[in-house]
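Spelled out, the chains give:
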Amino acid sequence: MSDPKIACRNLWKLYGPDPAGFLKRHDGHPTIEAIRAQGYISAVRDVSFDVMPGEILVVMGLSGSGKSTLLRCLSRLVEPTAGEVMFEGRDMLRATDNELIDLRRHKMGMVFQNFALLPHRTVLDNVAFPLQVRGTGRQERENRAREVIELVGLKGREGYYPRELSGGQQQRVGIARSLAVGPDLWFLDEPFSALDPLIRKEMQDEFLRLQKVLNKTIVFITHDFDEAIRVADRIAIMKDGAIEQLGTAEQLVTRPATPYVAKFTENIPRDRLLSVRSVMEPSAPRKPAKDAIRADALLASVARRIVTTERPIDVVDDEGALVGTLDRGSYIDALYDQEPAR
Amino acid sequence: MSAVAMERPTRADAPGAFAKAAKPALSVLPFLILFLCAPLLPGWMMKVPQAWTIPFIDWTNAFIDHLRDDALFGLFSFRDFTRWIAELITWPLALVEGLLVSGFPAIGLPAMPWVMTAGLCGVLGWSLRDWRLGALAAGCVAYMAIFGKWELSMITLSVVLVAAPIAGGIGFLLGILAVKKPWFEAAIVPVLNVLQSLPHFSYLIPIAVFIGVGHKAGTIATIIFAIPPMARLTILGLKGIAEEIREAGKMAGCTRFQMLWMVEIPAARQALLVGVNQVIMQCLAMVVIASFVGARGLGHDLLFRLQSLKIGQALESGVAIVLMAIVLDQLSRAAAEKQPSHLAENTSWLARFPFVSIAIAVCVVSLVLSAITPYASVWPTEWTLSTAPLWDGLVDWITLYFFDPLQYFRDGMLLYVLIPIRGLFQQIPWTAMVALVAVAGWSLGGWRLALIVSGFVLFIAFAGFWERSLITAYMVTVAVLLCILIGLPIGIWASKTERRAKLAKLWCDTFQTFPSFIYLIPVIMLFKVGDVAAISAIIIYAMIPTIRYTVFGLRNVPQDIVEAGITSGCTQRQLLWNIRMPLAFPEIMLGINQTIMFALFMVIIAAFIGTKDIGQEIFRALTFNDAGKGLVLGLCVAFMGLTADKLITAWSAERKSRLGLV
């Protein structure tokens, strides 16, 4: 395994009269009660995680959970109170203003919830903006901008102004702008939350399509668990500034670490999330039946087999070796019993 | 999204119903006691004794004299410096004036033909909004030529065209500095507050001292007067940019300089252009009043004709000023509202820049026309029309048929309403007034607000013009009460339908652009001079914000609350008094606050028609070039306005937050 692209360790962001001093007085680990009692507001509380190259980490939480602040601490739009942020092994918090500008000009892109397009610039000029500020010549930056605009499917709209576009189109411009410099690290702050549900779905597909081509390292913020499941490799659930649990969607649903996470995941349609592997019974090695099902198939895709087959069905891995069996009882339990599968 | 939901502190001490009703009563109690016991009070509590007054005026004058005569920066004195600045201004002034009206005799170049000016204004209007605005602009310019106001109006216009960019530029830079440096903002905002509540005349007197009288002094006064609104709107505009836009700039890797020029200023473009509109309108208002220190142009003409009571001719000049105000306002407003749109690609230059092409065509055609006929370059005097006989006829007609009723009305008002109220006001002890504002300030905003507002009143009391100030207070109070009595019903009526509301907004916008001085013309026509005339002028001018804010407040009550009322079975009347009015009231109070400010501005200008208040003293200070007195009295007026402003905005903000409207 390679080194993480971006990592943070014991990251804190407190708001109040003297956050740094307060943190020091409590040896860097004040309880939430102490924070509240002293009138401080904890936006980010002792957060640590790694994001691997090419991975999509989704940070999920309700409004006020500190997820946006966390993202801004990673990109240093907000100065963290304590902790460290390592980007490609370098300490981001020690970077000088000039180094930071340089990093942002070459290595990072960010997409904003309300698009944050510059209203006085055309689509082309908006997308070319990050290239312009780093001093790329007009011809070169416009060529590059046209490429990215085509990539996000807005070809032909280069001369339009943001207010002449629909919300979905505006966010495509936002995405194009964040990709213009060819960043390694891509921050998305609730990119689709301001769009209506149908457009949101379309944009999520678009995002996944782009990621397949680009393979960026991504930190994606959302308050929508369905969206998190659709796009994430791993999900971090935040509450009151701290991460409640970090894991794959399946782990969160099948093994919630706290009641809060359990509450979040209880209404998730499991048949489209859980794989056969997570509910099957292990079995002794033998030759699998011809009509065995794959272990990584989603439960929804084997529903017909379960209904039509009386006996437990054999489950095989990628190589075709038997790994377990799935019977009707445990299948039904996994779907309808609110208890996680035992 | 902000990081964390803020928890609102809940109020532990919920006051009972009795305490709630008693609180406002308690705050006027000290005032009432002192006021009613006035005959029993010792003299020093009534009026600050002469011996106690603080010689603010002498101090100011000493400082000004020092600046004028002694302060030397090496080779030159401060006055040399100001005169040198004034000398600089003559250059652009001469250039614009030469272009518009006087030509350049030295190099044998004539001024622009009037056809060209009218045509270019038309194209400008057309390009900024539509052909109707173009027609309005061209028509108004043509009016100036046809009705013999060409020279005067072009001189006035050239002052505005020179003063507005300079004032706008300075205000813009101050605004940027304030946004970037918090200490500078903390220093400049109170100064802007005071400057924006200083009466026009207070600006004129120091100008007269340091620069002298004349056209360029008037121009400088105009520039200085128009700086504060631009600075303020720059601050507002730059602070109003969405945080995300700024973050987008940072994430793109902008340096601070790139951030300012490529992100913040363009994103605040609209607010900045509204500032430009304000600057232009302030310039026009001031250049009219600057005629008191010798600025030439329409204002000078108007002043001259009013002084010789030639009402018809004064009205004619007034109409010209009004037309100019409307055109300047509409053009700059259209510029602020204009949104960029995309251009079709691969079209000809002509199609891509249609208005530039038309403008060039206009220039060529008018030059050719004026080569063929002189009528196209200068409108011939023998063809000039005058509306003065018409206006004179109107005035005569009014005098003939309405002289008696107007006379009765005036005398009745004076004898039975104004003089008794004035008498009451003049008995207010200064201690009572301090007590009133201090208690009101304390209950609305704590000891800090109490300290500020009572400081204002103490300044007025100890400056030694208490009685004069009370007369000003009386006129303003009467006028504001009448404004509310008349303006509130109009506002309620106008808020009933969308169409009426739009109409009301249009009228308010239009009337507000007129320089305040204009409002003196009709009242002189009806009531000659005196308190009734002054108060009428104040009412006409100051009623505008009451109406505007009433309409705005009532129309902007959240729709779902109104619908909740309707579904609860409210009648129209219940809807108005139980739902719309209480929710709109904080907004309406802000309108009344503005009305007080407008009234204070107008009451000072009304000194021109013979009032006996502070305005008259300032007016006299202007005649005697007494800068210290003019400034101190101006501050008295400003502090009156600021006292009302601080108290009302504190009340309104508190009320709004309690109603959950912010």
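Residues numbered from 1 in each chain as written. Chains lettered and ligands numbered in written order. Predicted model: local features only at pLDDT ≥ 70, side-chain atom pairs only at ≥ 80, totals over all residues. Heavy atoms only, no water.

A. Main features of the sheet that holds strand β8 (residues 217-222) of chain A. Residue and element names in this part refer to chain A. The mixed open sheet is built from six strands, whose spatial order is β6-β7-β8-β3-β9-β10. Each of the sheet's edge strands pairs with one partner strand only, and the pair in question is β6 (108-111) and β10 (242-247). Between one strand axis and the next, the sheet turns by 15° as a mean value, whatever way the strands run. Summarising the sheet, strand β7 (residues 185-189) and β8 pair through five bridges and their orientation is parallel. Paired with Leu188 across the bridge in β8 is Phe220. (Pairing = 2+ DSSP bridges. Helix = DSSP H or I, 4+ residues; strand = E, 2+ residues; numbered from the N terminus. Axes fitted to C-alpha atoms, helices over the stretch in contact; angles between N-to-C directions.)

B. Quick peek at the interface of chain B and chain A. Chain B puts 25 residues into the contact, and the matching count from chain A is 41 residues. Between chain B and chain A, a total of about 2900 Å² is buried, with carbon and sulfur atoms accounting for 64% of that surface. Our enumeration of links across chain B and chain A arrives at one salt bridge. Notably, a salt bridge pairs B:Glu247 with A:Arg72, separated by 2.6 Å at the nearest N-O pair. Breaking the side of chain B that touches chain A down by element, the ones donating at least two residues are α11 (243-251) and α12 (256-267) of chain B. (Contact = heavy atoms within 4.5 Å. Buried area = accessible area lost by both parts, 1.4 Å probe. Salt bridge = Lys/Arg side-chain N within 4 Å of Asp/Glu carboxyl O.)

C. Layout of the sheet that holds strand β2 (residues 41-51) of chain A. Residues and elements named next belong to chain A. Ordered in space as β2-β1-β4-β5, the four strands form an open sheet in which the pairing is antiparallel. Edge positions in the sheet fall to β2 and β5 (90-91), since each has one partner strand and no second. Taken together, the two bridges between strand β4 (residues 82-87) and β5 define a ladder with antiparallel strand orientation. What sits directly across from Met86, in β5, is Asp91.

D. Just helix α3 (residues 67-74) of chain A, in detail. Residues and elements named next belong to chain A. Of all the eight residues making up α3, eight are buried; the element is thus mostly covered by neighbouring parts of the structure. Buried within α3 are the following residues: Lys67, Ser68, Thr69, Leu70, Leu71, Arg72, Cys73 and Leu74. Directly beyond the C-terminal end of α3, a positive phi value near 60° is found at Arg76. (Buried < 20%, exposed > 50% of the residue type's maximum accessible area, 1.4 Å probe, protein only.)

E. Here's a closer look at the domain arrangement of chain B. The domain boundaries assigned to chain B delineate domain 1 (112-146 + 349-384) and domain 2 (466-662). Taken over C-alpha atoms, the centre of domain 1 of chain B sits 39 Å from the centre of domain 2 of chain B. (Domains from an automatic or database assignment.)

F. Local environment of the packing of helix α7 (residues 150-180) of chain B against helix α13 (residues 269-289) of chain B. All names here are of chain B. In the contact formed by α7 and α13, the axes pass within 9 Å of each other and the chain directions differ by 135°. In terms of orientation, α7 and α13 fall into the oblique class. Crossing of α7 against α13: the hand is right-handed. In this structure, α7 uses Thr156, Val159, Val160, Ala163, Ala164, Ala167, Gly168 and Phe172 to contact α13, whose residues at the interface are Leu272, Val279, Ile280, Cys283, Leu284 and Val287. The residue inventory of the contact of α7 with α13, partitioned by class, reads 12 nonpolar, two polar and no charged. (Parallel < 35°, antiparallel > 145°, perpendicular 65-115°, else oblique. Left-handed = near helix turned anticlockwise from the far one by under 90°. Nonpolar A, V, L, I, M, F, W, Y, C, P; charged D, E, K, R; others polar.)

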